[in-house]
Amino acid sequence: MTTLGVVFRPQLAPERLRPLVRAADAAGLEELWLWEDCFLESGVAAAAAALAWSERLHVGVGLLPVPLRNVALTSMEAATLLRLFPGRVSLSVGHGVQDWMGQVGARPASPLTLLREYLSAMRALLRGERVTVDGTYVHLDDVALDWPPLEVPPVYAGGVGPRTLRLTGEAADGTILDASFTAEGVRRARRLVDEGRESAGRTAEGPHKVVVYLLAATGPGAAERLRAELAGEGRESVPVLGVAGAAGAVAEAVRELAEAGADTVVLQPTADEPDPEGFVRFAAEDVRGLVP
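Nothing here was measured: the structure is a model prediction, and the numbers come from that model.

### Some remarks on the environment of A283
Mapping A283 onto the fold places it in helix α10 (residues 276-287). Remark: the alpha-carbon pair of A283 and A24, spanning 259 residues in sequence, is separated by 9.3 Å. If we skip the residues at most four places from it in the chain, A283 touches L4, V6, L29, L267 and R288.

This is the structure in structure tokens:
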């Protein structure tokens, strides 16, 4: 069964999160995803609030930029959330936007090396291990979490390019794909992830879940808002990217991504979505029933 979620975009002011969480919980939305984009909103702070304001909602953060964050700090925050809200949290890490990393003096010479070292250390810390490592970027001296998660969680990683996608299969437990991926792009990404898993000898492990964002718009002016957003990102020439229309059209786009290899599809409203709470209800009440 395909999991369906919605992203709370950080272009909305933080105080808009609470009513949206309440709407998502009431409507029965499965998952709400958050971003930690520079220089908008904290992913971890927003996740903690969303989890506390809801009764059953699963909250994902996709993704936390590793150049900004010491791996011990991220692991501490992750473990705290996982113990406070067991079974309701998904966390992912990634390169971050390199221009933004440069603005804060954190742009690495080798993003791939940093992400590989980070994933190895973070997954070990969340397994409750005591970690000593002296890598190119990650340096830990006899570090262990006093309060590791009660159950070892999956750690997701975001990727776009082929080398990063192979790395997510090699070193992460799941992969996040942004809204630039069409169904065919998801198929290619799945193949690259599987190559990474095979090279690392991880094919016998449990399933490697893939989460895909889908840019979606509904209601009055949906097609125009979708075109404007794609044009603003320089993607207006990409065929079959995003979807605009009623529940049937959105559900069909979700099904196409699921058939291509997505385990979870997260509907991403346009940045100028006029009714964020209504969009959540649309996803949970109208689209969900049309997606197997």
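### Notes on the packing of helix α1 (residues 17-27) against helix α2 (residues 43-53)
Where α1 meets α2, the closest approach of the two axes is 9 Å, and the angle between their N-to-C directions is 45 degrees. If you check the angle between α1 and α2, you find them oblique. In this structure, α1 meets α2 at a crossing whose hand is right-handed. Residues L17, R18, V21 and R22 of α1 lie in contact with α2, whose contacting residues are A46, A50 and W53.

### Regarding empty space enclosed by the protein
Inspection of every chain in the model, using the stated rule, returns one cavity of 30 Å³ or more. Volume-wise, the largest cavity comes out at about 50 Å³. A78, L82, V89, S90, L91, M122, L126, P153, P154 and V155 are the residues that line the largest cavity. For the lining of the largest cavity, the elements supplying multiple residues, two or more each, are α3 (71-84), β4 (89-94) and α5 (111-126).

### Examining the packing of aromatic side chains
Considering all chains together, one arrives at two aromatic pairs under this definition. When the ring of W35 is compared with that of Y213, the centres are 5.8 Å apart and the planes differ by 80 degrees; the resulting orientation is edge-to-face. Pair noted here: W35 is in the loop between β2 (31-34) and α2 and Y213 is in strand β9 (residues 209-217), with a separation of 178 residues, a long-range link. A ring pair is formed by F279 and F282, whose centres lie 6.2 Å apart and whose planes are at 50 degrees; its orientation type is tilted. Of the two residues, F279 and F282 are both situated in helix α10; the distance of three residues between them amounts to about one turn of the helix. Given the relative accessible area of 2%, F279 is considered buried. Classification of F282 by relative accessible area gives buried; the value is 9%.

### Some points on the side chain of D173
You can see D173 is positioned in the loop between α6 (162-171) and β8 (174-177). Here R202 takes part through its side chain, which lies 2.9 Å from a polar atom of the side chain of D173. Excluding its chain neighbours within four sequence positions, the residues that come into contact with D173 are R123, P153, P154, V155, R202, P207, H208 and K209.

About the thresholds
- Note that residues are indexed from 1 along each chain, following the sequence as it is written.
- Local features in this predicted model are restricted to residues of pLDDT 70 or higher, and side-chain atom pairs are both shown and tallied only at a pLDDT of 80 or more, whereas totals for entire chains, interfaces and linings draw on every residue.
- Water and hydrogen atoms were dropped before computing side-chain values, which therefore reflect all heavy atoms in the structure.
- Only runs of H or I of at least four residues qualify as helices and only runs of E of at least two qualify as strands under DSSP, and these elements are numbered from the N terminus.
- Only heavy atoms enter the contact rule, under which two residues are in contact if any of them lie within 4.5 Å.
- Only the stretch in contact is used when fitting a helix axis, every axis being a line fitted to C-alpha atoms; angles between N-to-C directions are given from 0 to 180 degrees.
- Each angle is binned into one of four classes, with values under 35 degrees roughly parallel, values over 145 roughly antiparallel, values of 65 to 115 roughly perpendicular, and all other values oblique.
- Take the far helix as your reference; a near helix turned counterclockwise from it by less than a right angle gives a left-handed crossing, and one turned clockwise gives a right-handed crossing.
- Both site types are read off a 1 Å grid over the protein atoms alone. A 1.4 Å probe that fits but cannot get out defines a cavity, while an open set with protein on both sides within 12 Å along at least five of seven lines defines a pocket; lining residues have an atom within 4 Å of a point.
- Grid points are joined across faces, edges and corners, and a volume is the space filled by probe spheres set on the points.
- Centre distance within 6.5 Å is the pairing criterion for rings of Phe, Tyr and Trp, where only the six-membered ring of Trp is used; planes under 30 degrees apart are then read as stacked, over 60 as edge-to-face, and the remainder as tilted.
- Think of it in three bands: residues with accessible area under 20% of the maximum for their type are buried, residues over 50% are exposed, and the middle band is partly exposed, with areas taken using a 1.4 Å probe on protein chains only.
- The definition of a polar contact used here is a pair of N or O atoms within 3.5 Å, where within protein one atom must be able to donate a hydrogen and the other to accept one, and adjacent residues in sequence count solely through side-chain atom pairs.

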